[in-house]
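# Structural overview for review
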Amino acid sequence: MAGVSLREVVDDDIEVFFADQQDPVAARMAAVAPREREAFLAHWTRVRADPSNIMRTVVAGDAVAGNMVSWDQAGERLVGYWIGRDHWGRGVATAALRQFLDLLPAGPVHAYVATANTGSIRVLHKCGFHLAGPPVTAGDGIEEVHFVRD
Ligand SMILES: CC(C)(COP(=O)(O)OP(=O)(O)OC[C@H]1O[C@@H](n2cnc3c(N)ncnc32)[C@H](O)[C@@H]1OP(=O)(O)O)[C@@H](O)C(=O)NCCC(=O)NCCS
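Quick summary incoming for the structure in this document. (Residues numbered from 1 in each chain as written. Predicted model: local features only at pLDDT ≥ 70, side-chain atom pairs only at ≥ 80, totals over all residues.)

Here the focus is the overall build of the protein. Of the regular secondary structure elements, the protein holds five helices and eight strands. Scanning the protein from its N terminus toward the C terminus, one meets helices and strands in the order β-α-α-α-β-β-β-α-β-α-β-β-β. Computed over the C-alpha atoms, the radius of gyration of the protein is 15 Å, within 12% of the 15 Å expected from 2.2 N^0.38 for a compact globule of 150 residues. Principal-axis analysis of the C-alpha atoms places the extent of the protein at approximately 40 × 30 × 30 Å. Buried positions account for 27% of the 150 residues belonging to the protein. Within the protein, contacts between residues separated by at least 24 positions form 57% of all contacts whose residues are at least 6 apart in sequence. (Helix = DSSP H or I, 4+ residues; strand = E, 2+ residues; numbered from the N terminus. Rg over C-alpha atoms; globule rule 2.2 N^0.38 Å. Buried ≥ 20, exposed ≤ 12 C-beta atoms within 10 Å, placed from the backbone. Contact = placed C-beta atoms within 7 Å.)

So, about the pairing of strand β2 (residues 54-60). Burial within β2 is extensive, with five of its seven residues counted as buried. In the sheet, strand β1 (residues 4-7) pairs with β2 via four bridges, with the strands oriented antiparallel. Across the sheet, residue Ser 5 finds its bridge partner in β2, namely Val 59. Of the pairings in the sheet, the one linking β2 to strand β3 (residues 63-73) comprises seven bridges and is antiparallel in character. Opposite Met 55, over in β3, you have Val 69 as the bridge partner. With antiparallel pairing between neighbouring strands as the criterion, β2 and β3 make up a hairpin whose turn holds two residues, including Gly 61 at a positive phi of roughly 65°. (Pairing = 2+ DSSP bridges.)

Within the fold, Glu 76 resides in strand β4 (residues 76-83). On the basis of neighbour count, Glu 76 is assigned to the partly exposed category, with 15 C-beta atoms found within 10 Å. In this structure the C-alpha to C-alpha distance between Glu 76 and Val 109, which are 33 residues apart in sequence, comes to 7.2 Å.

Let us look at the site of the ligand. Around the ligand, the structure places 22 residues, and the nearest of them are Ala 30, Ala 93, Thr 94, Gly 119 and Arg 122. Elements with a minimum of two residues in the shell around the ligand: α2 (24-30), β4, α4 (92-101) and α5 (118-126). Sorting elements by how many residues they give to the shell around the ligand places α5 first, with six residues. Across the shell around the ligand, the residue classes break down as 11 nonpolar, eight polar and three charged. (Near = placed C-beta within 6 Å. Nonpolar A, V, L, I, M, F, W, Y, C, P; charged D, E, K, R; others polar.)

Here's what the structure looks like:
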């Protein structure tokens, strides 16, 4: 999609990310419980302080549309993303993830997605990820699938 770009995360973006993750429709889709404000801000402070994390703000047109984050977990490089509902269905996540993958170190990139999150799974497929194993039900009772891009 034309008009989607990535840039460094700045303080003001966090308010937009907070509002987006409070959206009950989005939270249901991602199968995560929205964080309260203080916990959300503390989470982002930790994420931004760790130099092994890679993150960008997604800009669509001139609006902050969401974020892309990558972190190292038990030796796997993971990716996660969140796009605000105002921007859904226009190819924003796909365009942003494609750009974001170019910024990551060489090697496999992993993503864990709730089995029911059809939209996110489609985004991963479009960006070259493939299924890496059978669905697994995590401790929170949510069934998720593991994707990898070699
Ligand atoms: C999932 C999410 C990233 C999709 O963002 P988006 O910008 O709307 O995605 P795109 O427009 O790039 O869509 C890519 C494909 O997925 C499909 N898709 C998107 N949302 C969908 C949905 N809810 N149901 C079914 N298909 C969907 C699109 O139709 C498109 O497929 P196509 O090219 O074959 O038509 C976004 O809805 C989101 O951030 N949701 C809340 C947080 C979340 O789930 N994050 C991911 C956690 S793993």
